Amino acid sequence: MHDIKWIRDNPEAFDAAMAVRKQEITAKRLMDIDVERRKLMTEHQEMLARRKTISGEIGKLRKNGEDADELMAEMGTLKDKIKDAEDGQASLNEQLDLLLSSFANILDPEVPVGDDEDDNVEVNRWGEPATFDFTPIEHFEIGEKLGMMDFETAAKLSGSRFVILRGGLAKLERALSQFMIDLHTTEHGYEETITPMLVRDDAMFGTGQLPKFSEDSFKTTNDYWLIPTSEVTLTNQVAGDIIEQAKLPLRFTALTQCFRSEAGSAGRDTRGMIRQHQFSKVEMVSVVEAEKSDEELTRKTRCAETVLERLGLPYRTVILCTGDIGFSACKTYDIEVWLPGQGKYREISSCSNTRDFQARRMNARYRAAGDKKTNFVHTLNGSGLAVGRCLIAVMENYQQADGSIRVPDALKPYMGGLEVISPRG
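The shown structure was predicted, so the numbers you read here are calculated from the model rather than taken from an experiment. (Residues numbered from 1 in each chain as written. Predicted model: local features only at pLDDT ≥ 70, side-chain atom pairs only at ≥ 80, totals over all residues. Heavy atoms only, no water.)

(A) Region of the structure containing the overall build of the protein chain. When you go through the protein chain residue by residue, the secondary structure sums to twelve helices and 17 strands. In terms of overall dimensions, the protein chain is more spread out than a globule: its C-alpha atoms have a radius of gyration of 27 Å, far above the 22 Å expected for 425 residues. Dimensions along the principal axes, computed over C-alpha positions, put the protein chain at roughly 105 × 45 × 40 Å. Of the contacts formed within the protein chain by residues at least 6 apart in sequence, a portion of 72% connects residues at least 24 apart. When the accessible area of the protein chain is evaluated, it comes to approximately 20800 Å², of which 48% is carbon and sulfur surface. Counting 55 positive and 70 negative side-chain charges, the protein chain places the centres of these two groups 3 Å from one another. (Helix = DSSP H or I, 4+ residues; strand = E, 2+ residues; numbered from the N terminus. Rg over C-alpha atoms; globule rule 2.2 N^0.38 Å. Contact = heavy atoms within 4.5 Å. Areas by Shrake-Rupley, 256 points an atom, 1.4 Å probe, with all protein chains shown as cover. Lys, Arg positive; Asp, Glu negative; His and termini not counted. Charge placed at Lys NZ, Arg CZ, Asp CG, Glu CD.)

(B) Examining the packing of aromatic side chains more closely. Applying the stated criterion across every chain yields a total of seven aromatic pairs. Through pairs of rings, three or more aromatic residues link up here, namely Phe 213, Phe 327 and Phe 357. Positioned over the ring face of Phe 205 is Arg 361, at 4.1 Å from the centre of the ring. (Phe/Tyr/Trp six-rings, centres within 6.5 Å; stacked < 30°, edge-to-face > 60°. Lys NZ or Arg CZ within 6 Å of the ring centre and 35° of its normal.)

(C) Seen up close, the sheet that holds strand S4 (residues 191–192). Strand order in the open sheet made by the eight strands is S1-S10-S11-S12-S15-S9-S8-S4, with mixed pairing throughout. Each edge of the sheet is formed by a strand with only one pairing partner; in this case those strands are strand S1 (121–126) and S4. Each of strand S8 (250–259), strand S9 (278–288), strand S11 (331–339), strand S12 (344–353) and strand S15 (378–386) touches helix H12 (residues 387–397); the most contacted strand, S15, lies at about 40° to it. (Pairing = 2+ DSSP bridges. Axes fitted to C-alpha atoms, helices over the stretch in contact; angles between N-to-C directions.)

(D) Just the pattern of salt bridges, in detail. Inspection of the entire model under this criterion finds 27 salt bridges. Between Asp 115 and Lys 22 there is a salt bridge, with the nearest N and O atoms lying 3.3 Å from each other. With a gap of 93 residues between them, Asp 115 in the loop between helix H4 (69–100) and S1 and Lys 22 in the loop between helix H2 (11–20) and helix H3 (27–63) connect regions that are remote in the sequence. Judged on exposure class, the residue Asp 115 and its partner Lys 22 are both exposed. Note that Lys 281 is salt-bridged to Glu 283, the shortest N-O span being 2.3 Å. Linked through salt bridges whose partners overlap, the residues forming this network are Arg 8, Asp 34, Arg 37 and Arg 38. (Salt bridge = Lys/Arg side-chain N within 4 Å of Asp/Glu carboxyl O. Buried < 20%, exposed > 50% of the residue type's maximum accessible area, 1.4 Å probe, protein only.)

(E) Just unusual backbone geometry, in detail. With an omega of 5°, the peptide bond running from Leu 248 to Pro 249 counts as cis. Mapped onto the fold, Pro 249 is located in the loop between strand S7 (242–244) and S8. With an omega dihedral of 20°, the bond running from Gly 384 to Leu 385 counts as a cis peptide bond. By the element assignment, Leu 385 lies in strand S15. Its identity as a non-glycine residue notwithstanding, Asp 223 has a phi of 70°, on the positive side. Mapping Asp 223 onto the fold places it in the loop between helix H8 (201–206) and strand S6 (225–226).

(F) Region of interest: the side chain of His 277. Examined against the element boundaries, His 277 turns out to sit in the loop between S8 and S9. Classification of His 277 by relative accessible area gives buried; the value is 14%. Reaching out from His 277, the side chain makes a polar contact with the backbone oxygen of Arg 260 at a distance of 2.9 Å. With near-sequence residues (within four places) excluded, His 277 lies in contact with Ser 160, Arg 161, Phe 162, Phe 218, Cys 258, Phe 259, Arg 260, Ser 261 and Glu 262. (Polar contact = N/O pair within 3.5 Å; in protein donor to acceptor, adjacent residues only side chain to side chain.)

(G) Just the sheet that holds S7, in detail. Pairing within the open sheet is mixed, and its three strands lie in the order S7-S13-S14. With partners counted over all chains shown, the strands left at the sheet margins are S7 and strand S14 (375–376), one partner each. The pairing of S7 with strand S13 (residues 365–367) spans three bridges and is parallel. Looking at the pairing, Ile 242 lines up with Arg 365 of S13.

(H) Expanded view of a negative patch on the surface. A grouping of Glu 66, Asp 67, Asp 69 and Glu 70 is seen on the molecular surface, where their side chains present a negatively charged patch. You can see Asp 69 is positioned in helix H4. (Patch = residues over 30% accessible without salt bridge, like charges linked within 9 Å, V, L, I, M, F, W, Y side chains within 5 Å.)

(I) Structural view of H4. Relative to the 46 Å expected for 32 residues at 1.5 Å per residue, H4 spans 46 Å between its end C-alpha atoms, a close match to the ideal helical length. For H4, the set of buried residues is Leu 71, Met 75, Leu 78, Ile 82, Ala 85, Gly 88, Gln 89, Leu 92, Leu 96, Leu 99 and Leu 100. Contact partners of the buried residues in H4: helix H1 (4–9) and H3. (Expected span 1.5 Å × (residues − 1).)

(J) Here's a closer look at H2. Among the residues of H2, those classed as buried are Phe 14, Ala 17 and Met 18. What you see down the axis of H2 is that its buried residues fit within an arc of 95°, all on one side. Turned more than 90 degrees away from the buried face of H2, the exposed residues are Glu 12 and Ala 19. Close packing links the buried residues of H2 with H1 and H3. The first or second residue beyond H2 is Lys 22, which carries a positive phi of 60°. (Arc of directions from axis to C-beta.)

(K) Structural detail: the pairing of S9. Here S9 lies mainly inside the structure; ten of its eleven residues are buried. For S8 and S9, the ladder comprises ten bridges, and the chain directions are antiparallel. Looking across to S9, one finds that Ala 254 is bridged to Glu 283. Of the strand pairs in this sheet, S9 and S15 are connected by seven bridges, and their pairing is antiparallel. Bridged to Glu 283 within S15 is Ser 383.

Okay, here's the thing in structure tokens:
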């Protein structure tokens, strides 16, 4: 959500920023509503002042036994006009807020111009894809041959885009989750947090999922939303708060189930675990002072990259272009892990700086010691990592010719010393 005061002062810059986002909302449209709104505010204040004056004059006339009918008639007229002005202000405020919340965040100048993921720019690469003396296969083929990945039974229970993991693969996913949480809490300074997975509209609005992207999430019949990511719950912890600057930065991490409708993904990744309605993810959220958010984005991205390096999984990091970046983000780095079965890099983490975009929606602020003035915090989020996709990457990169999977060294302590996940006999 943007500051109408900034838009009034920088209309051309705002229009240019929205043009990059390919959105048609113009500063003039917003300012026209704002001018009318402020005019009504002024008239409202003037009428309130006049009402106060009249009230005093009526009192004096009555005290002196004089006729106050004319002033009483004016008071009645004012009452109606004041009500009309209040209703008008409420309507214009609603219109303005709806518009201000409907367009995307202004992008950082470093974001490359482009139409889609093909125009993202690589900024880092780590590790060399492994060579195999056999033709590597995709994760769902590995999992089904192991007898530990069952899409058919999951579909019987829930429909498409669900999976049941059993045995060694279920244990491997749990091990990955624990490994990530331990790494982020013991080495990266994040506080482990367990949050609800059902939230109200305000929480989804605060992080930008509502109102524009309601179709991407699941809603219960009693008006709760299933979280699409724990970014929603972790970030909204500070909604409506004024935080003392000395307490910043706040860094939270959580392992949760996530739920996404995958609207618009028909025909994409229909086989396997790449695109599921339900999946587990370790999320990282930071709340920082305004001047430190760029630095925090670099730090957060590095935390996510470290997970893959500890697991020995080759990856590349790209900065998202203007046509691929998310609604709330001003700058995003995607980390893509190498999948030998597909022979390509696939996204496994997105780390984004939203600056004060979410904070304005949530009214989350901070204040320096001894300072009466408050400023909006900056919020950042990043996957650290998507656990299911990490499971896929481990399966494909550590697959062996006999259909087994070697367990990465970093995960052996979490697997009870198990070194190989072998097919069921």
